[in-house]
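# Coordinate inspection notes
The chain contents come next:
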Amino acid sequence: MSEEEKILAGVLFCPGDPALRALKLVSHNLCSEYNRTFEDETEKRSELIHKILGELGEGGFLQGPIYIHYGKHTRIGKRFFGNFNLTIQDDAEVTIGDDCNFGPNVTIVTPVHPMLPVERKRMITAEGEVKRLCYAKPVRIGNDCWFGANVVVCPGVTIGNNCVIGAGSVVTRDIPDNSFAAGNPCRVIREITEADSMIHKPEALGGCRPCEE
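Below is a short write-up of the structure. Bear in mind that the values here come from a model prediction, so they are computed numbers and not experimental data.

Attention shifts here to helix 2 (residues 18-35). Between its terminal C-alpha atoms helix 2 stretches 25 Å, which fits the 26 Å expected from 18 residues at 1.5 Å a residue. Buried residues belonging to helix 2 abut helix 1 (3-9), helix 3 (42-52), strand 2 (61-62) and strand 3 (66-68). Its side-chain oxygen at 3.1 Å from the backbone nitrogen of alanine 19, aspartate 17 defines the N-terminal cap of helix 2.

Structure (C-alpha cells):
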C-alpha cells in the first residue's frame, strides 16, 4: 500500500514520504503562483485553480491568498466563494457542496497526530522502520453553507446542508442540516427556520425583498 493509499484508508502514514512531498510541492508552488496573480487575471487564475484542486464547479471564486496542501484531495461544488486566507490541509479528502460561502481565514484540517509526544516523534511502521507518522480523517460539508470569519473545521467532521457556522467557531463534531452553530467547541445553537427570513428585518431591507422560489 502506498503512503497516499494509507491516507485514504485512514491508517498511519508518513507525511515525509518522498512521493507525498512531491505531491505537496506541486500544490504549494501552484498556490504561491495563484497568490501572486491580480484579481482581474481571471483566465490565469482559473487555469491555476483547476490544476490545484481535484474538482471545482462552475462559478467558483477563491479570493486569495489560498493555502492548499495536496489540492487533488479536495472537491468543491458549484458557485463556491472563499474569502481571504482560505486554508485546506487536505491530507484526507475534503468535499464541499454547492453554493457554499466562506468568510476570511477559514481553515479546514484533516490530519491527526498522536497525543503522546514520544509517538509524535517516532513510530514503527508495518515494515519495521522508525518514522514520524500521523493519520487523517475526511471532512464533508454539504450544500448552501455559510461559514463566518476564522472558522476552523477539525478532522473527521461532517457539516450538513443549509448550515451557518458562526465566526471564530472550532468545529470538532458533526453538525446536522439546517443548523446555526457557533462557539469553541462549536455547538448547535438552534435550527434555522423561516423565522430567520430577511422579511422580518425591515430595518435592513432598504427596499429589497427575497426572491420567490
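Under the defined criterion, the tally for this structure stands at 7 salt bridges. With a shortest N-O distance of 2.8 Å, lysine 6 and glutamate 3 are connected by a salt bridge. One end of the pair is lysine 6 and the other is glutamate 3, both in helix 1 and 3 residues apart, which spans about a single turn. By relative accessible area, lysine 6 is classed as buried at 13%. Notably, a salt bridge pairs lysine 72 with glutamate 4, separated by 3.3 Å at the nearest N-O pair.

Attention now goes to the sheet that holds strand 9 (residues 107-109). Strand order in the open sheet formed by 5 strands is 3-6-9-16-19, with parallel pairing between adjacent strands. Both outer strands of the open sheet, strand 3 and strand 19 (170-171), are each paired with one neighbouring strand and no more. Across 3 bridges, the pairing between strand 6 (residues 86-89) and strand 9 is parallel. Across the sheet, residue glutamine 89 finds its bridge partner in strand 9, namely valine 109.

Residue proline 65 is reached from glycine 64 by a cis peptide bond, and omega for that bond is 0°. For proline 65, the position within the fold is in the loop between strand 2 and strand 3. The linkage connecting asparagine 184 with the following residue, proline 185, adopts the cis geometry, with an omega of 0°. Position of proline 185 among the secondary structure elements: in the loop between strand 20 (179-182) and strand 21 (187-191). Backbone geometry places asparagine 105, a non-glycine residue, at a positive phi of 65°. Considering the arrangement of structural elements, one finds asparagine 105 in the loop between strand 8 (101-102) and strand 9. Relative accessible area serves as the criterion here: at 30%, asparagine 105 is assigned to the partly exposed category. Although it is not a glycine, aspartate 144 sits at a positive phi angle of roughly 55°. Tracing the chain through its elements places aspartate 144 in the loop between strand 14 (139-141) and strand 15 (146-147).

The rules we used
- Residues numbered from 1 in each chain as written.
- Predicted model: local features only at pLDDT ≥ 70, side-chain atom pairs only at ≥ 80, totals over all residues.
- Heavy atoms only, no water.
- Helix = DSSP H or I, 4+ residues; strand = E, 2+ residues; numbered from the N terminus.
- Expected span 1.5 Å × (residues − 1).
- Contact = heavy atoms within 4.5 Å.
- Polar contact = N/O pair within 3.5 Å; in protein donor to acceptor, adjacent residues only side chain to side chain.
- Salt bridge = Lys/Arg side-chain N within 4 Å of Asp/Glu carboxyl O.
- Buried < 20%, exposed > 50% of the residue type's maximum accessible area, 1.4 Å probe, protein only.
- Pairing = 2+ DSSP bridges.

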